[in-house]
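Analysis of the macromolecular model
These are the residues of each chain, in order.
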Amino acid sequence: MTITVDGIKLHVEEFGGTGLPVLFVHGFPLSGEMWHSAIDALLKQPGPARDCRMIVPDLRGHGRSEASDAASMTRYADDLVAVLDALGERRPVVFVGLSMGAMLGFEMFRRHRPRLRALVLVCTRANAESPEGVARRETVAQTALAKGAEPIADDMIGKLLARNATSALRQKWHEIMRATPPRGVAAAARALGARPDSLPTLREIDLPTLVVAGEEDTITPLEELRRIHDGVRGSRMVVIPGAAHLVPAEQPEAFAAELAAFLRGL
Ligand code: MLT
């Protein structure tokens, strides 16, 4: 389905039933497709998880959503709320985000706290970008605009998946990243560079929170997830073996089992 927000057409998929709403937000430069196999596994889990209303958008400039020249954590978060409004979903959602998607969870908490029921923060970090990181993001943006998303996909694919990932999975995710609109890559890279420091937000979070790490993740290593877990009162943390950064696509059954257990506890 397509939902127009701020003049931009956003692609949104829905799965499951009419139960607890769960919003799945992908990372950079990925798409909602990264949740598909975990959602398939979730639909087979015992208990209420399979009846959840699962909402899976492509952020602006990613997947099948249109790009804009600029973006920000604020813009993406407001897009997500506009999507929920357009779907008539006024109930607080369980927000499941990976990496940049989880950074948007922090932004949602600061801007739209009443729209949230719980947080699932997967393979992410809470700090602001370092000055070197901002410069690196700007190089990514300029490379994407000059040469397309392929060099970015080439650079990321080695880090995205665990050492023993199949070549089919590698090829699939390289293709998805390569197909991301260059303007979308550039806008997201700059938005990541300009993201606010969410470390002070951690101690404000008063929602049930699950923190998920990939054992082999080098993009957002375990220490970053431990820092979030230590900062969010009452949070639970799990480490998924055999996965790097793209945990839900690499280990969909293990991820779905953890998510289903968390949902059952709400
Ligand atoms: C992501 O998955 O969103 C990215 O790896 C985030 C990043 O580049 O730091």
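These figures come from a predicted structure and were not determined experimentally. The numbering scheme is per chain: residues are counted from 1 as the chain's sequence reads. For this predicted model, a pLDDT threshold of at least 70 governs which residues receive local features, and a threshold of 80 or more governs which side-chain atom pairs are given and counted, while totals over whole chains, interfaces and linings are taken from all residues. Note that water and hydrogens are dropped before the side-chain values are worked out from all heavy atoms of the structure.

Notes on the site of the ligand
Selection rule: To be near a molecule or strand, a residue needs just one of its heavy atoms within 4 Å of it. Here a polar contact is taken to be a pair of N or O atoms separated by no more than 3.5 Å, where protein atoms must pair a possible hydrogen donor with a possible acceptor and residues adjacent in sequence count only if both atoms sit in side chains. All accessible-area figures derive from a Shrake-Rupley calculation using a 1.4 Å probe, and residue coverage is judged against the displayed protein chains alone.
Close to the ligand lie G27, F28, S99, M100, R137, M156, I219 and H245. In this structure, M100 approaches the ligand through a main-chain N or O atom, which is 2.9 Å from an oxygen atom. Take H245: an N or O atom from its side chain is 2.9 Å from an oxygen atom of the ligand. Protein burial of the ligand: of its 270 Å² of free accessible surface, 94% is covered by the chains.

Quick notes on helix α2 (residues 73-86)
Using the following cut-off: Secondary structure elements follow DSSP: runs of H or I of four or more residues count as helices, runs of E of two or more count as strands, with numbering from the N terminus. Expected helix span is computed as 1.5 Å times (number of residues minus one).
Over its 14 residues, α2 extends 20 Å from the first C-alpha to the last, a length consistent with the 20 Å expected when each residue adds 1.5 Å. At the C-terminal side of α2, G88 shows a positive phi close to 70°.

Things to note about the environment of E66
Threshold: Exposure categories follow from relative accessible area, calculated using a 1.4 Å probe and restricted to protein chains: below 20% of the type maximum is buried, above 50% is exposed, and the middle band is partly exposed. Contacts were defined at the residue level, with two residues in contact if any of their heavy atoms lie within 4.5 Å.
You can see E66 is positioned in the loop between β4 (52-57) and α2. On the basis of relative accessibility, which here comes to 33%, the residue E66 falls in the partly exposed class. It is 5.5 Å that separates the C-alpha atoms of E66 and K9, two residues lying 57 residues apart in sequence. If near-sequence neighbours (up to four positions away) are discounted, E66 is found in contact with G7, I8, K9, R60 and G61.

Description of the pairing of β4
Applicable threshold: Whether two strands pair depends on DSSP finding at least two bridges between them.
Within β4, six of the six residues are buried, leaving the element largely enclosed by the surrounding structure. Both faces of β4 are covered, namely the face carrying C52, M54 and V56 and the face carrying R53, I55 and P57. Where strand β2 (residues 8-16) lies against β4, five bridges are found, and the strand directions are antiparallel. Pairing of V12 across the sheet is with P57, part of β4. Of the pairings in the sheet, the one linking strand β3 (residues 19-25) to β4 comprises four bridges and is parallel in character. Of the residues in β4, the one forming a bridge with V22 is M54.

Digging into the sheet that holds β4
Applicable threshold: Between N-to-C directions, angles span 0 to 180 degrees; the directions come from axes that are lines fitted to C-alpha atoms, helices contributing only their stretch in contact.
One open sheet holds the eight strands; their spatial order is β1-β2-β4-β3-β5-β6-β7-β8, and the pairing between them is mixed. If you trace the sheet from one side to the other, it starts and ends with β1 (2-5) and β8 (236-240), each paired once. Strand-to-strand twist in this sheet, taken as the mean axis angle between neighbours without regard to direction, amounts to 25°. Strand direction decides the pairing type here: strand β5 (residues 93-98) and strand β6 (residues 116-122), joined by six bridges, are parallel. Its bridge partner lying in β6, G97 is registered against L121. Set on the sheet, α2 makes contact with β1, β2, β3, β4 and β5; between it and β1 the angle comes to about 125°.

Things to note about the packing of aromatic side chains
Here is the rule: Planes of paired rings set the category: under 30 degrees apart is stacked, over 60 is edge-to-face and the rest tilted, where pairs are Phe, Tyr or Trp rings (Trp by its six-membered ring) whose centres lie within 6.5 Å.
Going through the model one piece at a time under the given rule, you end up with two aromatic pairs. Each ring, one from F24 and one from W35, has its centre 5.3 Å from the other, and the planes form 55°; the classification is tilted. Here F24 is found in strand β3, whereas its partner W35 is found in the loop between β3 and α1 (36-42), with eleven residues between them in sequence. Of the residues examined, W35 reaches a relative accessible area of 0% and is grouped as buried. Considering the side-chain rings of W35 and F255, the 6.1 Å spacing of their centres and the 40° angle between planes classify their relative orientation as tilted. Placement of the pair is W35 in the loop between β3 and α1 and F255 in helix α11 (residues 252-264), with a sequence separation of 220 residues. Residue classification places F255 among the buried residues on the basis of a relative accessible area of 2%.

Describing the side chain of E250
Just so we agree on the cut-off: For the purpose of counting charges, residues Lys and Arg are taken to be positive, whereas Asp and Glu are taken to be negative. His and the chain ends are not included. A carboxyl oxygen of Asp or Glu within 4 Å of a side-chain nitrogen of Lys or Arg is what we treat as a salt bridge.
Examined against the element boundaries, E250 turns out to sit in helix α10 (residues 247-250). Within the buried core, E250 has no salt-bridge partner, and the shortest N-O distance to an opposite charge, that of R170, equals 7.0 Å. Within the structure, the side chain of E250 is placed 2.7 Å from the backbone nitrogen of A244, a separation counted as a polar contact. With sequence-adjacent residues up to four places away left out, E250 is seen in contact with L160, L161, A162, L169, G242, A243, A244 and H245.

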